[in-house]
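Fold and contact review
Residue strings, one per chain:
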Amino acid sequence: MSHEDFPTENPAVVTCGLPYANGDLHIGHLRTYVGGDIYSRSLRTLGQQTAFVSGSDMHGTPVAVNAEKEGVTPEEFALRHHEKYEATFPRFNIEFDNYGHTHDETNTELTQEIVRTLEAEGYVYEKEIPVAYDPEADQWLPDRFVEGACPYCGAHARGDECDEGCGRHLEPGEIEEPTSTLTGNPAEYREREHKFFAVSDLQEYLQEFIDRLEGTSNAQNQPREWIEGELQDWCITRDMDWGIDYPGDEGDDLVLYVWVDAPIEYISSTKQYTERVGADTFDWEAAWKDAGVSESDAGSEARRTESGGDIVHIIGRDIIQHHTVFWPAMLRGAGYVEPRAVMASGFITLNGKGFSTSRNRAVWADEYLDEGFHPDLLRYYLATNGGFQQDVDFSWSKFKDRVNSELVGTVGNFLYRSMLFAYRNFEGTPDADVSEEVEARIEEAIDEFEAGINDYSVRQAGNAAVRLAQFGNEYIQRNEPWKLTDEDPEAAAQVIRDCVQIAKAIAVLFFPVAPGKMQALWEQLGEDGSVTDTAVDDAFEAPPASFGEPEALFEKIEDERVEELNEKLEARVAETESESDESDEDAENDMDADSDADIDFEPIADDRISFEEFQDLDIRVGEIVAAEGIDGADKLAKLTVDIGVEERQIVAGIKQLHDLDALSGTKVIIVANLEKAELFGVESNGMLLAAGDEADILTTHGDAVPGTKVQ
Ligand SMILES: [Zn+2]
């Protein structure tokens, strides 16, 4: 890698994928924002100059479609959601240095300026292309106004994205069998002149870029297929009113495609931050502009580490292609700094199934807080439950387990018992030097924290403090200070002195994950000011000589509470499902990775098959032995299934709908004599039966053993 470790001399910008201004936030949405907040706080703790920015994505067809349904302007509609997001993030201690939106003046101007630069550099050309058109509505059908089949994988695809199949970005005119979402009629393709960004001219650059890119491995590997294959140029205009106008006179009736102005908001938001705090505090141009680009040869690695800032994008894995192909190409073409790293998070499921906003199958962000839970508990859960790129399952019961065992049992327990001991016997920090053993252990925790940040592992950074608390508990247990207070007061003072120092180190290292709780600890330690302003070295400074009686920082969650919460969720889902039979309201939310359209059952097939034809199918009971995700495939999982006579490897499209770790031991039904197939380079020998878009896995009611024939 050509990048030096954090902290560097450069300004860093940490960004979070823009939430789309189209619905309410549930806790699954918070994963990347919590990750970004922890990452930026951690960088600052390491001494890295950092700006943490994001903003709402206001444009695009889903906003236009939903605004029309509500009878309001797209701007009104999007602003309402924007304001809601802006208010919600701080309630989870997600504190952006700047949170703007894509429709504001800064972003409108900067977007048009960047497009003009791309034009001037020769990266933009015009081409006539087929664009979907609805003759009845007399309207062009950009993006989400058209649905059909993906030309690459055949899955049902919506507008510019194959969101239920291969996940590819789709260009206008690519969808097969297009249908208008306005009227439900088949759409026509009509020729129309549009602007194109010549991404293919930058293919060689992108191939070098991807080798330099740091972050999670999915973001480094997934784009290779696109970058090394035939790279398509990218249509950057749409026939719409809602969006940023194409600059110049020609763009009268064209707006820029939403994926042009959305990532530019990362720069605009940083610029707004500088405008507010001054360039001495944070200089957006030093961070984003590639000072060396005109002076040195293209592709020189040395230059890239010397000029510009360290840009880290934190996103959901469904938008990797945008951030590793189109976006760096745009930045390069317009003379801006390329991203140093892209961290792409896995999806999040609820009780092993996808969140569904239209079915109210979600734990809403507001709801979580209204239930009286501290935001730091959820931050901890989301950040440390699995690696950043792994899928994470949320259930109230798992949440309870982790809060009770790790936050209450390990961290809270250590802090409370050691501080209470210190308060009762010494009214604060005993007068002694920290032992070598403990100093070395704190150093180890700092190394672990720093390595976590440099490995782009929020989990590792977050766990450093928890492991330190674990050590603290062992240390107390081993030294038994309660026995020493009378026999050997000096030895007791030593042990407690050590423990108080560990407590302070925990405050410094755990504050990025739990800023609210660690501020409370900071105050319990008698420290002034904000724990936000600390740096790693403060972990070695002695806390004040006196402090008051501590209070427990974390509270146990009772089993009854979990039952109550589960019942509430189930009742709500059931209620929404019965309602949706009557009303046809579509509360669909674009930010959802899962598809959650209302169920529209297909009619029963007219053609009957004979019993003999049915008997051709060899359907068996199986039992899942192992399940793992397949790299690069959003939905596919590789299953090992015991079918009595043998073990089979089967690929099934269930990855994001199920908690893979929990599947082992599940009885399943498979078609054993289906032709073998290869999916993402993995052989599938049989087919798993599952119902519907949610891939509800078929299982047995009784205790049929693996191998039993289904007839
Ligand atoms: Zn596809």
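Attention here is on the structure that accompanies the text. What you see is a predicted model; the values in this text were computed from it and never measured. (Residues numbered from 1 in each chain as written. Predicted model: local features only at pLDDT ≥ 70, side-chain atom pairs only at ≥ 80, totals over all residues. Heavy atoms only, no water.)

1. What to know about the overall build of the protein chain
Stated formally: Under the scheme used here, helices are H or I runs from DSSP no shorter than 4 residues and strands are E runs no shorter than 2 residues, and both carry numbers assigned from the N terminus. Radius of gyration here uses only the C-alpha atoms, and the compact-globule reference equals 2.2 Å multiplied by the residue count raised to the power 0.38. For every residue, the accessible area (1.4 Å probe, protein chains only) is compared with the maximum for its type, and the residue is labelled buried under 20%, exposed over 50%, or partly exposed between those bounds. It only takes one pair of heavy atoms within 4.5 Å for two residues to be counted as in contact. Reported accessibility uses the Shrake-Rupley method at a 1.4 Å probe radius. Residues are deemed covered only where the shown protein chains occlude them.
Each helix and strand in the protein chain was counted, giving 21 helices and 27 strands. For a compact globule of 711 residues, the expected C-alpha radius of gyration is about 27 Å, and the protein chain comes in at 28 Å, within 12% of that figure. Based on the C-alpha atoms only, the size of the protein chain along its principal axes is roughly 90 × 70 × 45 Å. Across the 711 residues that make up the protein chain, the buried fraction comes to 58%. Counting contacts in the protein chain only where the partners sit at least 6 residues apart, residues at least 24 apart contribute 74% of the total. Approximately 30,000 Å² of the protein chain is accessible, and the part contributed by carbon and sulfur atoms is 43%.

2. With respect to the pairing of strand S1 (residues 12–16)
Keep this limit in mind: By the convention used here, strands pair only if DSSP detects at least 2 bridges between them. Consider the strands pointing away from the viewer: the crossover is right-handed when the path from the first strand over the helix to the second runs clockwise.
Across the five residues that make up S1, a large majority, five, are buried. The alternating pattern of S1 places Ala12, Val14 and Cys16 and Val13 and Thr15 on opposite faces, both of which are buried. Note that S1 and strand S14 (residues 310–316) share five bridges and pair parallel. In the strand pairing of S14, Ala12 is matched with Asp310. Here S1 pairs with strand S2 (residues 50–56) via four bridges, running parallel. Within the sheet, the bridge partner assigned to Val14 lies in S2 and is Phe52. Once the chain exits S1 it traverses helix H1 (residues 30–45) before rejoining the sheet at S2, and the crossover so formed is right-handed.

3. Notes on the packing of helix H14 (residues 396–426) against helix H16 (residues 458–479)
The following threshold applies: Each axis is a line fitted through C-alpha atoms, taken for helices only over the stretch in contact, and angles between the N-to-C directions span 0 to 180 degrees. Relative orientations are named as follows: roughly parallel for angles under 35 degrees, roughly antiparallel for angles over 145 degrees, roughly perpendicular for angles from 65 to 115 degrees, and oblique for any other angle. Left-handed describes a crossing whose near helix is turned anticlockwise from the far helix by less than a right angle; the clockwise case is right-handed. Under the scheme applied, nonpolar residues are Ala, Val, Leu, Ile, Met, Phe, Trp, Tyr, Cys and Pro; charged residues are Asp, Glu, Lys and Arg; polar residues are all the others, including Gly.
Running from N to C, H14 and H16 cross one another at 50 degrees; their axes reach a closest spacing of 8 Å. Judged by the inter-axis angle, H14 sits oblique to H16. You can see that H14 and H16 cross each other, and the crossing is left-handed. Residues Gly409, Thr410, Val411, Asn413, Phe414, Arg417 and Ser418 of H14 touch H16, and the partners they reach there are Val466, Ala469, Gln470, Gly472, Asn473, Ile476 and Gln477. Among the residues making up the contact of H14 with H16, the classes are represented as five nonpolar, eight polar and one charged.

4. Concerning the coordination of the zinc ion
To be explicit about the condition: Coordinating N, O and S atoms are those within 2.8 Å of the metal (3.2 Å for Na, K and Ca), and as water is not part of the atoms, a site may appear to have fewer donors than expected. Irregular is the label for any site that misses the other tests, which are tetrahedral for four donors with all angles between 85 and 135 degrees, and square planar for four donors or octahedral for six when opposite donors exceed 155 degrees and the remaining angles lie between 65 and 115.
Protein-derived ligands of the zinc ion are Cys150 (SG), Cys153 (SG), Cys162 (SG) and Cys166 (SG), with the metal-ligand distances lying across 2.2 to 2.4 Å. For the zinc ion, the four donor atoms are set out with angles of 101 to 114 degrees between them, so the coordination reads as tetrahedral. One chain supplies every donor to the zinc ion, and in sequence these donors are spaced C-x2-C-x8-C-x3-C. The class for Cys153 is partly exposed, based on a relative accessible area of 39%.

5. Here's the deal with the packing of aromatic side chains
Stated precisely, the cut-off is as follows: Aromatic rings from Phe, Tyr and Trp, taking only the six-membered ring of Trp, are treated as a pair when their centres fall within 6.5 Å; an angle between ring planes under 30 degrees marks them as stacked, one over 60 as edge-to-face, and anything in between as tilted.
Evaluated as defined, the whole model comprises 29 aromatic pairs. With centroids separated by 5.5 Å and ring planes inclined at 85 degrees, the aromatic side chains of Phe89 and Phe96 adopt a geometry described as edge-to-face. Take Phe89 and Phe96: they sit in the same class, and that class is buried. On the basis of an interplanar angle of 65 degrees and a centroid distance of 5.9 Å, the ring pair of Tyr381 and Phe399 is categorised as edge-to-face. Of this pair, Tyr381 sits in helix H13 (residues 375–384) while Phe399 sits in helix H14; the two residues are 18 residues apart in sequence, bridging distant segments of the chain.

6. What to know about unusual backbone geometry
Across the junction of Phe6 and Pro7, the peptide omega takes the value 0 degrees, indicating a cis bond. Relative to the elements of secondary structure, Pro7 occurs in the segment before S1. Although it is not a glycine, Glu427 adopts a positive phi angle of roughly 55 degrees. Tracing the backbone through its elements, the reader meets Glu427 in the loop between H14 and helix H15 (436–454). The exposure class assigned to Glu427 is exposed, which follows from its relative accessible area of 55%.

7. A few points about the pairing of strand S15 (residues 341–345)
With five of five residues buried, S15 is to be regarded as a mostly interior element. Going residue by residue along S15, you find Ala341, Met343 and Ser345 tucked away on one face and Val342 and Ala344 tucked away on the opposite face as well. Taken together, the two bridges between strand S10 (residues 214–215) and S15 define a ladder with parallel strand orientation. Looking at S15, one finds that Gly215 is bridged to Val342. Summarising the sheet, S14 and S15 pair through five bridges and their orientation is parallel. Paired with Ile314 across the strands is Met343, a residue of S15. Each parallel crossover has a hand, and the one from S14 via helix H11 (residues 320–334) to S15 is right-handed.

8. Observations regarding the packing of helix H5 (residues 203–212) against H11
In the contact formed by H5 and H11, the axes pass within 10 Å of each other and the chain directions differ by 110 degrees. On the basis of the axis angle, H5 is roughly perpendicular to H11. Taken as a pair, H5 and H11 cross one another with a handedness that is right-handed. Only Thr324, Val325, Pro328, Ala329 and Arg332 of H11 make contact with H5, whose side of the interface consists of Tyr205, Leu206, Phe209 and Ile210. Looking at the contact of H5 with H11 residue by residue, the class counts come to seven nonpolar, one polar and one charged.

9. So, the side chain of Asp37
With respect to the secondary-structure elements, Asp37 resides in helix H1. Overall, the relative accessible area of 1% leaves Asp37 in the buried class.

10. Quick notes on the sheet that holds strand S22 (residues 667–671)
Sheet architecture is open: five strands sit in the order S21-S20-S19-S22-S25, paired in antiparallel fashion. With partners counted over all chains shown, the strands left at the sheet margins are strand S21 (647–652) and strand S25 (687–688), one partner each. Judged from the six bridges that link them, strand S19 (residues 619–629) and strand S20 (residues 637–642) form a sheet pairing that is antiparallel. Across the sheet, residue Glu623 finds its bridge partner in S20, namely Asp642.

So yeah, pure geometry; function would need other evidence.
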